[in-house]
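Here is how the chains run, residue by residue.
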Amino acid sequence: MSAAAGQNVAGAVTGIGGLPYNLVFPKHTTAGMNSRLGALQPYPFQRLADLLQGVTPPAHLSPIRLSIGEPQHAAPPFVLEALAASLKGLSQYPVTKGEAALRTAIADWANARFQLTQHPLDPERQVLPVAGTREALFSIAQAVVDRRAHADQPVIVMPNPFYQIYEGAALLSGARPYLLNTTEATRFRMDVARVPEDIWAQTQLLYVCSPGNPTGTVLTQADFAQLYALAEKHDFLIASDECYSEIYFDEAHPPVGLLQVAQALGVRDYRRCLVFHSLSKRSNLPGLRSGFVAGDAAVLEQYLLYRTYQGCALPPPTQAASIAAWRDEAHVRDNRAQYRAKFDAVLEILAPVLDVQRPEAGFYLWPRTPIDEGEFTRRLYAEQNVLVLPGSYLSRHAQGENPGARRVRMALVASLTQCVEAAQRIRAFLQTL
Ligand SMILES: Cc1ncc(COP(=O)(O)O)c(C=O)c1O
């Protein structure tokens, strides 16, 4: 156990990044089951349900949910038609690698979107379709983490707050999560200078999320270059979660991505880089379960072997629908216009009464709350029937603070009318505090 990771007390790993992770002994695991399950935290929406238990919202106000990041704009009709037209494909087993036509559509999209002109993605070796980025972000850790490689436990570095899958993936792979707080003080970026050398030495994977959930921060070329330099120096893989990359405000300035930066740095074969993209937010198809992973061919070759055993091939109609979606940009521009209108309208109502900023991208607001975030959430629901998510449910206490405390996450996923109505109710609620 390294000094930076604290003491090893009866198998309990404590103190890494100031975190109490008990990775060794089960807390509540059923006998005979994987003891690491005992380290998993309850999912934020379970905690929200617990928080709101027994609270009855006013019946005369319709419920408005800003708590879940589930896109609610209409799915593109031509994608649904492609899905319906391919139902006969259900009588075949799909291959895990996906059909060549899908991998080509994905590579064409990514090459155009990220200007990968010098090193265009090879659909044969550098692209894998996945059943949504969630499962892929989870399974990549299971495939990559090598528990024999370090005498101490391997480490996965990730932001705090974070998409909950990163933590669960790390814990179940047998790695220790090392959390880096992303707060106003760090301009909502991971302050990588805080990571001790002995932690870097044990790091096998780094999750980064850009645009970020929940902060909306977009990493710059320089931010990605800094991460890449660390990955080279300390021999780890970067998993760049870019599933919000198509939800941005300025049509002329889309968020930069890891592969784009790798190409600019002259990285051959996107070594150490994997990007994760999804149709869920880009194309309003969260139920389709379709996305892709692209980058380092050597990693993807082994990851495909892993995935073959996991059994997560995309059904043929899903693949056909995905080809149609990746090949169209008009619906994505329209989607962005809808979000832009909602942020304009909601911020006009909330900015005068709440400490809230327009995010750089994505569809979340991450305001500071004038009272405790749990109390804010419960009272807002009790008085206005509007649901938000306490920020601390998305983060852990680390480095002496909980970066989600005194914040809530609001997903502007409902219709413009509903978002405006929600903003007015939140404003009315704030005026009672
Ligand atoms: C940061 C982040 N990554 C990944 C996902 C997973 O998206 P999907 O599995 O639908 O591609 C989500 C979903 O909310 C997310 O917020």
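Everything quoted here is computed from the prediction, not taken from an experiment.

1. Here we look at the sheet that holds strand β10 (residues 273–278)
Item 1. The strand order across the open sheet formed by seven strands is β5-β11-β10-β9-β8-β6-β7, and the pairing between neighbours is mixed. Sheet topology places β5 (127–130) and β7 (176–181) at the edges, where each strand pairs with a single neighbour. Neighbour to neighbour, the strand axes of the sheet diverge by 20° on average, direction disregarded.
Item 2. With five bridges joining them, strand β8 (residues 203–209) and strand β9 (residues 237–241) adopt parallel strand pairing. From the neighbouring strand, V208 faces β9, where its bridge partner is S240.
Item 3. Across the sheet, helix α3 (residues 100–113) is in contact with β5, β10 and β11 (291–295); its angle to β5 comes to roughly 110°.

2. Observations regarding the packing of aromatic side chains
Item 1. Inspection of the entire model under this criterion finds 15 aromatic pairs.
Item 2. A ring pair is formed by W200 and F236, whose centres lie 5.4 Å apart and whose planes are at 5°; its orientation type is stacked. With W200 in helix α6 (residues 197–202) and F236 in the loop between α7 (221–234) and β9, this pair connects stretches of sequence that are 36 residues apart.
Item 3. Exposure remark for F236: the relative accessible area of 2% places this residue in the buried category.
Item 4. Aromatic pair Y244 and F363: ring centres 5.2 Å apart, planes at 85°, arrangement edge-to-face. Of this pair, Y244 sits in the loop between β9 and α8 (258–264) while F363 sits in the loop between α12 (330–350) and β12 (364–365), and the two are 119 residues apart along the sequence. Pair check on accessibility: Y244 and F363 agree, each one buried.
Item 5. Cluster of aromatic residues (ring-pair linked, three or more members): W109, F114, F292 and W326.
Item 6. Over the face of the ring belonging to F249 we find R358, whose NZ or CZ atom lies 5.0 Å from the ring centre.

3. Focus on the site of the ligand
Item 1. Around the ligand sit 14 residues, and of these T133, D241, S278, S280 and R289 come closest.
Item 2. The side chain of N213 places a nitrogen or oxygen atom 2.8 Å from an oxygen atom of the ligand.
Item 3. A distance of 2.7 Å separates an oxygen atom of the ligand from a polar side-chain atom of R289.
Item 4. Protein burial of the ligand: of its 400 Å² of free accessible surface, 92% is covered by the chains.

4. Thoughts on empty space enclosed by the protein
Item 1. Applying the stated criterion across every chain yields a total of one cavity of 30 Å³ or more.
Item 2. Computed from the structure, the largest cavity encloses a volume of approximately 40 Å³.
Item 3. Among the residues forming the lining of the largest cavity, the class breakdown is three nonpolar, three polar and three charged.

5. Structural notes on the layout of surface pockets
Item 1. In this structure, the largest pocket occupies an estimated 510 Å³ of space.
Item 2. What lines the largest pocket is a set of 26 residues, among which G69, R134, Y163, Y244 and K281 lie closest to the centre.
Item 3. Taken together, the elements giving at least two residues each to the lining of the largest pocket come down to α1 (44–52), α4 (133–144) and α9 (279–282).
Item 4. Here the residues of the lining of the largest pocket are counted per class, giving 13 nonpolar, seven polar and six charged.
Item 5. Roughly 260 Å³ of internal volume is contained in the second largest pocket.
Item 6. Lining the second largest pocket are 20 residues, and of these T182, F188, R189, M190 and L219 sit closest to its centre.
Item 7. Those elements giving two or more residues to the lining of the second largest pocket turn out to be β8 and α7.
Item 8. Partitioning the lining of the second largest pocket into residue classes produces ten nonpolar, six polar and four charged.

Rules used throughout
Positions within a chain are numbered from 1, following the residues in the order the chain's sequence is written. A pLDDT threshold of at least 70 governs which residues receive local features in this predicted model, and a stricter bar of 80 or more applies before side-chain atom pairs are shown or counted, although totals over entire chains, interfaces and linings include all residues. With hydrogens and water stripped out, all remaining heavy atoms of the structure feed into the side-chain values. One requirement defines pairing of two strands: DSSP has to find at least two bridges between them. Secondary structure follows DSSP: runs of H or I at least 4 residues long count as helices, runs of E at least 2 residues long count as strands, and numbering of each begins at the N terminus. Whenever a helix is involved, its axis is fitted only over the stretch in contact; in every case the axis is a line through C-alpha atoms, and angles between N-to-C directions fall within 0 to 180 degrees. Pairs of residues are marked as contacts when any of their non-hydrogen atoms sit within 4.5 Å. Geometry of aromatic contacts follows a simple scheme: Phe, Tyr and Trp rings, the Trp one being its six-membered ring, pair when their centres are within 6.5 Å, and the pair is stacked under 30 degrees between planes, edge-to-face over 60, tilted otherwise. Any residue under 20% of the maximum accessible area for its type is buried, any over 50% is exposed, and the rest in between are partly exposed; the area is computed with a 1.4 Å probe on protein chains only. To sit over a ring, a charge needs its Lys NZ or Arg CZ within 6 Å of the ring centre and within 35 degrees of the ring normal. We call a residue near a molecule or strand when any one of its heavy atoms sits within 4 Å of it. Identification of polar contacts relies on pairs of N or O atoms within 3.5 Å, with a donor-acceptor requirement for protein atoms, meaning one able to donate a hydrogen and the other able to accept it, and with residues adjacent in sequence counted only if both atoms are side-chain atoms. Calculation of accessible area relied on Shrake-Rupley with a 1.4 Å probe; when residues are assessed, cover is drawn exclusively from the protein chains displayed. Definitions used throughout: a 1 Å grid over protein atoms alone; a cavity as a set of points that fits a 1.4 Å probe which cannot get out; a pocket as an open set with protein on both sides within 12 Å along at least five of seven lines; a lining residue as one with an atom within 4 Å of a point. Grid points are joined across faces, edges and corners, and a volume is the space filled by probe spheres set on the points. Any residue outside Ala, Val, Leu, Ile, Met, Phe, Trp, Tyr, Cys, Pro, Asp, Glu, Lys and Arg is labelled polar, Gly included; the first ten of those are nonpolar and the last four are charged.

These values are about where atoms sit, not about what they do.
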